[in-house]
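# Architecture at a glance
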Amino acid sequence: MTTTPRAVRRNSRPAAPPDPARPLLPASEQIRLLDPAGAPLPVHPDYPAPPVEVLVELYRRMVLGRRFDLQATALTKQGRLAVYPSARGQEACQVGAILALRDDDWVFPTYRESMALTARGIDPVEVLTLLRGDWHCGYDPAVRRTAPQCTPLATQCVHAAGLAHGEAYQGRDTVALAFLGDGATSEGDFHEGVNFAAVFKAPVVYFVQNNQYAISVPLSRQTAAPSLAYKGVGYGVPSEQVDGNDPVAVLAVLNRAVAHARAGHGPFLVEAHTYRMEPHTNADDAARYRDADEVASWQDRDPVVRLETYLRDRGALDDTTVARVAAQAEEYAADLRERMHDKPTVDPLTLFDHVYAEPTPQLVEQRAQVRAELAADQEGAG
Amino acid sequence: MTTTPRAVRRNSRPAAPPDPARPLLPASEQIRLLDPAGAPLPVHPDYPAPPVEVLVELYRRMVLGRRFDLQATALTKQGRLAVYPSARGQEACQVGAILALRDDDWVFPTYRESMALTARGIDPVEVLTLLRGDWHCGYDPAVRRTAPQCTPLATQCVHAAGLAHGEAYQGRDTVALAFLGDGATSEGDFHEGVNFAAVFKAPVVYFVQNNQYAISVPLSRQTAAPSLAYKGVGYGVPSEQVDGNDPVAVLAVLNRAVAHARAGHGPFLVEAHTYRMEPHTNADDAARYRDADEVASWQDRDPVVRLETYLRDRGALDDTTVARVAAQAEEYAADLRERMHDKPTVDPLTLFDHVYAEPTPQLVEQRAQVRAELAADQEGAG
Amino acid sequence: MASMTMAKALNTALADAMLDDDRVVVFGEDVGQLGGVFRITDGLAARFGDKRCFDTPLAEAGIVGFAVGLAMSGLRPVVEMQFDAFGYPAFEQIASHVAKLRNRTRGALTAPIVIRIPYAGGIGGVEHHCDSSEAYYAHTPGLKVVTPATVADAYSLLRSAIDDPDPVVFLEPKKLYFASAETQLPARTEPFGRAVVRHQGTDATLVAYGPAVPVALAAAEAAQAEGWNLEVVDVRTIVPFDDDTIAASVRKTGRCVVVHEAQGFAGVGAEIAARVQERCFHSLHAPVLRVAGLDIPYPAPMLEHTHLPSVDRVLDAVARLQWDDQPDERWVAA
Amino acid sequence: MASMTMAKALNTALADAMLDDDRVVVFGEDVGQLGGVFRITDGLAARFGDKRCFDTPLAEAGIVGFAVGLAMSGLRPVVEMQFDAFGYPAFEQIASHVAKLRNRTRGALTAPIVIRIPYAGGIGGVEHHCDSSEAYYAHTPGLKVVTPATVADAYSLLRSAIDDPDPVVFLEPKKLYFASAETQLPARTEPFGRAVVRHQGTDATLVAYGPAVPVALAAAEAAQAEGWNLEVVDVRTIVPFDDDTIAASVRKTGRCVVVHEAQGFAGVGAEIAARVQERCFHSLHAPVLRVAGLDIPYPAPMLEHTHLPSVDRVLDAVARLQWDDQPDERWVAA
Ligand SMILES: Cc1ncc(C[n+]2csc(CCOP(=O)(O)OP(=O)(O)O)c2C)c(N)n1
Ligand SMILES: Cc1ncc(C[n+]2csc(CCOP(=O)(O)OP(=O)(O)O)c2C)c(N)n1
Ligand SMILES: [Mg+2]
Ligand SMILES: [Mg+2]
């Protein structure tokens, strides 16, 4: 029915110019520098392996992190924590991210990043304050350059963009790293945050730990994309996907991402394919939505074992060091156990201290009322 | 410092499999079937030109649309409309989208889609109700299968996903087309809407009219992406970019997008590069943010002229038809002028009629009060 | 009659509604295979198929906006916001679309959507998991706002919500999910727009809703020891609001305390107090007082008991109802 | 003294604040080169550079969340939501982050952010452009909520807001933008937390804020003809709220009508009425009445005058303040 004029048929279309998207797209397969058993793969031209002493330190903190995580789960069973979202299995991501940063860089963690926070050197008791329930944030975020653990999903993506832009605006070369999960990428705030960072060329690394589930919801319900890393190009943001259980690759890719951001090239998006070995939190029943086989299959890619194998094979780790690290981890856990033993006391009147810099007259009134109630209670009790 | 074991060096990395993103990415250049002057370009293998009789109808409705748009602007100057956001220059997009759809498909327009609505055959007076200010939506959206014009930017992207999924769920092969602007792509609801559509494989065409500005804000402040069409791949949604002032290409690309959606392959994202010849609305002062040269340069790509040239060159349009269409347009405008002459009367008590199916006791009370006030006013006046 | 939790009653209401009406679809985060983090949708996906009860991508504006679209196609969406503060990302969709669709289109399109929200505190939840967000919705014309306090109401009000031609924000008091009562389902209690006297009394009226109702009832119990005979009214549906039942009670008792968990300032309690004093001015022997959450962000678990209205705090308010006061002399002179 | 519009006063306040404090940055949609759709940021980009006053991508949660991050880096962001209903997409960022950052971190991080919102109606705007959204913010602990009614206050309150260590939702009554008054800048009026008596009177108190203040003043004017001498109090800062000034006025007059544009149900007027009757119970000769917007979505331009509080509606309410009524006999018997 359509008739095409002859002149047209004769012409041929000009060759397309190189696709501007190419440099932004991730590799079509996960970057991997170790095989699942921990044997090294061929050198990757874009991702040189980090120095071995850094990898040993990565190993050390991963072991400590895992021990901390187990301890926190145990504390939950003993009723010392209200709730605990374990990150067991994600040690490479959580610790790798911290090692890719300077101490004066900023971290934007979620509720799941307890291991990242301990790897950052934050007192584990302060890390657990939120989950123990004595206050919302236990550490000093300004001093630790670590935002309070974020619960409203993906909202931190925008904060990271703002912080990074603010730092750059003030002439500082700070990088911000925002952690998020696979589920959180579906939220509008992820979109807005990455886009703001891209438009303002803010030095942010968006680090998606794709642990395959958002509570019970599998990745296939979050996205139809070939992989989450393909979201970057839509913002003009270079992206990469990495085997999140390969500690060497995670650190290598994040090193590049951080360097990119620090050099003023704007944000970088990294997706790490990993797995949450435990339920979403201790309150979750993972048997309802995934089977033991799946969990077991990831056990074979354990990031701690993998790194240990690699370092041993390279002669960078021996029984003595492994034992020393294990002992350190035990000590760390024992200290935590000890210090978490007693329920902390919190003065109810502090509820009024930080709503505003100065309490409003209404809060002054309410404070007086609560004070009177407490006094009456004590009298009643006394 | 990094030492790489020998074994590794010897291996070479396996060849990467074909990139799964490839089929989702847009062409790196806008699809164009006519050159700026209206001469046909070589046939495009993926985008056959629509039948010529459809193109003549496209031309007719574009001429009517433009005349309507001019009339609406004139009505604003005369104070008959509170405000009018002109779409002059975007006729190919607005009318092309409608011609790509069946009457029983659903359209999700924004405030700027007046020409699309008239092209859909909706009474122009009803199209202008929102802007005249007698009610929020003048037409019957259920009958016209056209959502009320959406002002909160990008929110309609999610509605379209839901509607399309609901139709498919009920066994109907309806397609939903959601209009949005370049600015709206920055909103979280765009992200969430496209993602929902992708995950549920809902038959939606997201049609971005990238007219280069969101009010005063140029595209460079909305995105750092090579083009907005690159957002699709991050959702697993195939995408295309098209010259939005090439009516033949717009219709060809949208035809493919609609066919894709109708065939059950899920959503499709189309970005049309176009230009808003007028200020954002009559209340805007575009001289504050763009210069006359820029506007003039787009004048040369006028979609109506371009299509007319093409159709004349093909012998599908002659002076008689052109004159007949022009006369139709004048008649259309005159009728609109006439019917918009009188200020409509709206009964204030209708304010209470549609808040709920049945008014709450509180509304019944307030209604009685207003009724009493109106009676008192009349008495006072009488 | 069997003992049943509110959670089970809600779950049964959803199942019964799905059975009765093909158009009902249930979706949200984790509501499918997991059955919801509170198990309110437990078994629905298995029973009705994963097309009628399904998980969505993790995006609340998406969930609510998707419901708007589904409603436009003729379905009856029931969606879950996983926790109160996670309804906030959907606020624009709720306030600008769900609430207004009928009005914008003069009834041509409607949004018979139920937005279920586990809300309020008392369960030791971490921040953002314990907000009482009812006032945001109650202040938004076009929404109905409902919150059950009993097991039977949980069932019946949810059925009514799903049947309702208008959007309903259905607020489920988390701390009552696992409270149980002897209940025979399908129970049908009073319709929307009717408050219910849960405890008869003569001396003062306690007006409460949702999680505050058990507190008010406990206070009424405790007050008996102090010689006060308190009436307790359960509001049930904040919108539409039942002025008659509440005003009748206050006219009878002459005194009123409103109790809710949400921070007091500009809360629903303010509306109730304002309405009561408007309607019962000459019957009031004392100002209408409010016992509400403090005007602070919801506290960490270890401090929530200080924040929440307690029996003691309610009794303190009752004690302040000017039992001995003389009226203003200007009154007497008038 | 020169005649000056509120728009100009706000613009000058921004410029002066930027001049005084390097940390102040201004951003939002169209606030840069265009100077904002209401021209409140006119000239700032040219004067202070497009790094200090700039346009962002079109995303309100993004704008507010970006401000949170900038504040964490030590800056003082002043952002604009282009219209009231377009603040809703940012609701989660506002309620869960801006309002709570200080409290969550025990003051280690703060959010001294000003969120400017042109709000309310009366300008013939289409839907979603005329909402009175103050109650949503006022109900959220951690936010301050301010709305000027005079040109001098516009300047002074905005300066105070920018200087304030806490987040301020700064609501600018659109319909007053181009109202002008003789004003000498830099004017400094009363600080946050102080209501101001704008018209002295003895018979009844009208409490109003923002766009309702001129209505209340006009009503006071008109009332004189009917022999009523009305006092008008301008609330100015809804949070923190000035109980003392308002209670003092009502204790003096014995009668009170609260006036605002927002829909009445669970609005700020309810809070004011509840507070006034709590504090002034024995001084009140009549219930506190409210004149508010109807409980409907904001109407289309041609019907907005029916919705909005008018002088007549205020006078009707004043007339209903039971000037002749006898008190309840139980009162007299007490
Ligand atoms: C805005 C918002 N919606 C819902 C929730 C409830 N919620 C907490 S964690 C979670 C799943 C998150 O999944 P993902 O982003 O993949 O992170 P992961 O827990 O797997 O680390 C959900 C739905 C929330 N915290 N915030
Ligand atoms: C959520 C929201 N924020 C802000 C606005 C105000 N506003 C109306 S149109 C507009 C620009 C939209 O630009 P674009 O999406 O490119 O569409 P165009 O007007 O160019 O067709 C803005 C900011 C709005 N309507 N909704
Ligand atoms: Mg996950
Ligand atoms: Mg545009």
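Calculation notes
- Residues numbered from 1 in each chain as written.
- Chains lettered and ligands numbered in written order.
- Predicted model: local features only at pLDDT ≥ 70, side-chain atom pairs only at ≥ 80, totals over all residues.
- Heavy atoms only, no water.
- Near = heavy atom within 4 Å.
- Polar contact = N/O pair within 3.5 Å; in protein donor to acceptor, adjacent residues only side chain to side chain.
- Areas by Shrake-Rupley, 256 points an atom, 1.4 Å probe, with all protein chains shown as cover.
- Nonpolar A, V, L, I, M, F, W, Y, C, P; charged D, E, K, R; others polar.
- Pairing = 2+ DSSP bridges.
- Helix = DSSP H or I, 4+ residues; strand = E, 2+ residues; numbered from the N terminus.
- Axes fitted to C-alpha atoms, helices over the stretch in contact; angles between N-to-C directions.
- Contact = heavy atoms within 4.5 Å.
- Donors = N, O, S within 2.8 Å, 3.2 Å for Na, K, Ca; no water.
- Buried < 20%, exposed > 50% of the residue type's maximum accessible area, 1.4 Å probe, protein only.
- Parallel < 35°, antiparallel > 145°, perpendicular 65-115°, else oblique.
- Buried area = accessible area lost by both parts, 1.4 Å probe.
- Salt bridge = Lys/Arg side-chain N within 4 Å of Asp/Glu carboxyl O.
- Patch = residues over 30% accessible without salt bridge, like charges linked within 9 Å, V, L, I, M, F, W, Y side chains within 5 Å.
- Lys, Arg positive; Asp, Glu negative; His and termini not counted.
- Charge placed at Lys NZ, Arg CZ, Asp CG, Glu CD.
- Domains from an automatic or database assignment.
- pLDDT = per-residue confidence, 0-100.
- Core = buried A, V, L, I, M, F, W, Y, C linked by side-chain atoms within 4.5 Å.
- Least-squares fit on C-alpha atoms with pLDDT ≥ 70 in both.
- Expected span 1.5 Å × (residues − 1).
- Phe/Tyr/Trp six-rings, centres within 6.5 Å; stacked < 30°, edge-to-face > 60°.

Turning our attention to the site of ligand 1. As a structural note, the neighbourhood of ligand 1 is formed by 21 residues, with Tyr111, Arg112, Asp182 and Gly183 of chain A together with Glu60 of chain C the closest of them. Contacts to ligand 1 include Gln82 of chain C, whose side-chain N or O atom sits 3.4 Å from a nitrogen atom. Protein contacts shield 96% of the accessible area of ligand 1, which totals 580 Å² for the unbound molecule. Among the residues forming the shell around ligand 1, the class breakdown is nine nonpolar, six polar and six charged.

Attention now goes to the sheet that holds strand β13 (residues 256-263) of chain C. All names here are of chain C. In space, the five strands of this open sheet follow the order β9-β11-β10-β13-β14, with mixed pairing throughout. Single-partner strands in this sheet number two, and they are β9 (196-199) and β14 (289-293). Looking at each pair of strands side by side, their axes are set apart by 25° on average, direction ignored. Its contacts with the sheet place helix α10 (residues 268-280) against β10 (204-208), β13 and β14, and it is angled at close to 160° to β13.

What follows concerns the coordination of the magnesium ion (ligand 4). Residues and elements named next belong to chain B. Taken together, Asp182 (OD), Asn211 (OD1) and Tyr213 (O) make up the protein donors of the magnesium ion (ligand 4), found 2.0 to 2.1 Å from the metal. For Asn211, a relative accessible area of 4% gives the class buried. By relative accessible area, which is 8% here, Tyr213 ends up buried.

Before going further, it helps to examine the packing of helix α13 (residues 361-381) of chain A against helix α12 (residues 311-319) of chain C. Close contact between α13 of chain A and α12 of chain C brings their axes to 12 Å; oriented N to C, the two are set at 110°. The angle between the axes of α13 of chain A and α12 of chain C places the two elements in the roughly perpendicular class. For the pair α13 of chain A and α12 of chain C, contact is made by Gln369, Val370, Glu373 and Asp377 of chain A and by Asp312, Arg313 and Asp316 of chain C, respectively. A per-class count over the contact of α13 of chain A with α12 of chain C returns one nonpolar, one polar and five charged.

What follows concerns the coordination of the magnesium ion (ligand 3). Residues and elements named next belong to chain A. Around the magnesium ion (ligand 3), the protein contributes the donor atoms Asp182 (OD), Asn211 (OD1) and Tyr213 (O), at 2.0 to 2.1 Å from the metal centre. Taken in sequence order, the residues that donate to the magnesium ion (ligand 3) follow the motif D-x28-N-x1-Y. Placement of Asp182 in the loop between β2 (176-181) and α8 (188-199) and of Tyr213 in strand β4 (residues 213-214) is noted, with a sequence separation of 31 residues between them.

This brings us to the interface of chain C and chain D. Accessible area lost on assembly of the parts is the figure often given for the size of an interface. Taken residue by residue, the interface counts 59 residues in chain C and 59 residues in chain D. When the two sides are added together, the surface that chain C and chain D hide from each other amounts to roughly 5,600 Å², 58% of it contributed by carbon and sulfur. Our count for the contact surface shared by chain C and chain D stands at eight salt bridges. In this structure, Asp131 of chain C and Lys100 of chain D form a salt bridge, with 3.7 Å as the shortest nitrogen-oxygen distance. Seen at the junction of chain C and chain D, the total is 20 residue pairs in polar contact (both at pLDDT 80 or more). Broken down by class, the residue content of the side of chain C that touches chain D amounts to 29 nonpolar, 15 polar and 15 charged.

Around ligand 2, a shell composed of 21 residues is seen, among which Tyr111, Arg112, Asp182 and Gly183 of chain B together with Glu60 of chain D lie nearest. At the site occupied by ligand 2, nearby residues are drawn from chains B, C and D. Between ligand 2 and Gly183 of chain B, the relevant distance is 2.8 Å, taken from an oxygen atom to a main-chain nitrogen or oxygen of the residue. Contact with the protein chains covers 96% of the free accessible surface of ligand 2, which is 580 Å².

Before going further, it helps to examine a negative patch on the surface. Residues Asp377 of chain A together with Glu226, Asp312 and Asp316 of chain C make up a contiguous surface patch of negative charge. Residue position: Asp377 of chain A is located in helix α13. Here Asp377 of chain A falls in the partly exposed class, since its relative accessible area comes to 45%.

Per the domain assignment, the segments of chain A are domain 1 (22-282 + 291-339) and domain 2 (348-381). Taking only C-alpha atoms into account, the centre of domain 1 of chain A sits 40 Å from that of domain 2 of chain A.

Here the bond from Leu185 of chain D into Pro186 of chain D is cis, since omega is -5°, no more than 30 degrees from zero. If you trace the backbone, Pro186 of chain D turns up in the loop between β8 (180-183) and β9 (196-199). Notably, Gln212 of chain B is not glycine yet its phi reads approximately 80°, a positive angle. By the element assignment, Gln212 of chain B lies in the loop between β3 (204-210) and β4 (213-214). Phi at Arg106 of chain D is positive, roughly 50°, even though this residue is not glycine. You can see Arg106 of chain D is positioned in the loop between α5 (101-104) and β5 (114-119).

Glancing now at the confidence of the model for chain C. Residue and element names in this part refer to chain C. Per-residue pLDDT for chain C averages 96, and the proportion of residues at 70 or more is 97%. With pLDDT under 50 throughout, residues 330-334 is counted as low confidence; its partners more than four residues away or in other chains account for 14 contacts. Complex prediction metrics read pTM 0.97 and ipTM 0.97.

Structurally, Ala154 of chain B is set in the loop between α6 (141-144) and α7 (155-169). Ala154 of chain B has contacts with Ala184, Glu187, Asp189 and Phe190 of chain B, leaving out every residue within four places of it along the chain.

Residue and element names in this part refer to chain A. Checked against the element boundaries, His273 lands in strand β7 (residues 268-273). Side-chain polar atoms of His273 contact the side chain of Glu271, separated by 3.4 Å. If we ignore the near neighbours within four places in the chain, the residues touching His273 are Gln30, Asn210, Gln212, Ser227, Gln241, Val242, Asp243, Gly244, Asn245 and Trp298.

Another aspect to go through is the domain arrangement of chain C. Residues and elements named next belong to chain C. Along its sequence, chain C is organised into domain 1 (2-183) and domain 2 (196-325). Taking only C-alpha atoms into account, the centre of domain 1 sits 27 Å from that of domain 2. At the interface, 27 residues of domain 1 touch 24 residues of domain 2. Contact between domain 1 and domain 2 buries roughly 1,900 Å² in total, counting both sides, with carbon and sulfur atoms accounting for 59%. Of all residues in domain 1, Glu134, Thr147 and Lys175 bury the most surface against domain 2, accounting for 21% of the area lost on that side. Along the contact surface separating domain 1 from domain 2 lie three salt bridges. Of the residues forming the side of domain 1 that touches domain 2, the biggest block, four residues, is contributed by helix α6 (residues 134-138). Class assignment of the residues belonging to the side of domain 1 that touches domain 2 gives a composition of 15 nonpolar, seven polar and five charged.

Once that is clear, we can look at the nonpolar core. Judged by nonpolar contacts, the single largest core of 286 residues is most densely connected at Tyr206 of chain A together with Tyr206 of chain B. Dropping the residues within four chain positions of it, Tyr206 of chain A is found in contact with Cys157, Ala161, Ala178, Leu180, Gly193, Val194, Ala197, Pro267, Phe268, Leu269 and Val270 of chain A.

Moving on, we come to the relation of the copies chain C and chain D. Once chain C has been moved 0.0 Å along the axis and rotated by 180°, it coincides with chain D to within an RMSD of 0.0 Å. These values place the two chain copies in the arrangement generated by a two-fold rotation axis.

Right, let's get into helix α9 (residues 247-265) of chain B. Residues and elements named next belong to chain B. In this model α9 runs 25 Å from its N-terminal to its C-terminal C-alpha over 19 residues, within 8% of the 27 Å that 1.5 Å per residue would give. Burial in α9 covers these residues: Pro247, Val248, Ala249, Val250, Leu251, Ala252, Val253, Leu254, Ala257, Val258, His260 and Ala261. For α9, the capping residue at the N-terminal end is Asp246, with a side-chain oxygen 3.1 Å from the backbone nitrogen of Val248. Among the residues trailing α9, Gly266 stands out with phi positive, at a value near 95°.

Moving on: the packing of aromatic side chains. Across all of its chains, the model carries 47 aromatic pairs over all chains by this definition. A centroid spacing of 6.0 Å and a plane angle of 80° characterise the contact between Phe83 of chain C and Phe86 of chain C, whose relative ring orientation is edge-to-face. Take Phe83 of chain C and Phe86 of chain C: they sit in the same class, and that class is buried. Measuring from ring centre to ring centre gives 5.4 Å for Phe38 of chain D and Phe83 of chain D, while their planes differ by 65°; the resulting arrangement is edge-to-face. With Phe38 of chain D in the loop between β2 (24-28) and α2 (44-48) and Phe83 of chain D in the loop between β4 (76-80) and α4 (91-98), this pair connects stretches of sequence that are 45 residues apart. For the pair Phe38 of chain D and Phe83 of chain D, a shared accessibility class is recorded, and that class is buried. A connected cluster of aromatic rings, assembled from ring pairs, spans Tyr88, Phe91, Tyr136 and Tyr137 of chain C together with Tyr88, Phe91, Tyr136 and Tyr137 of chain D.

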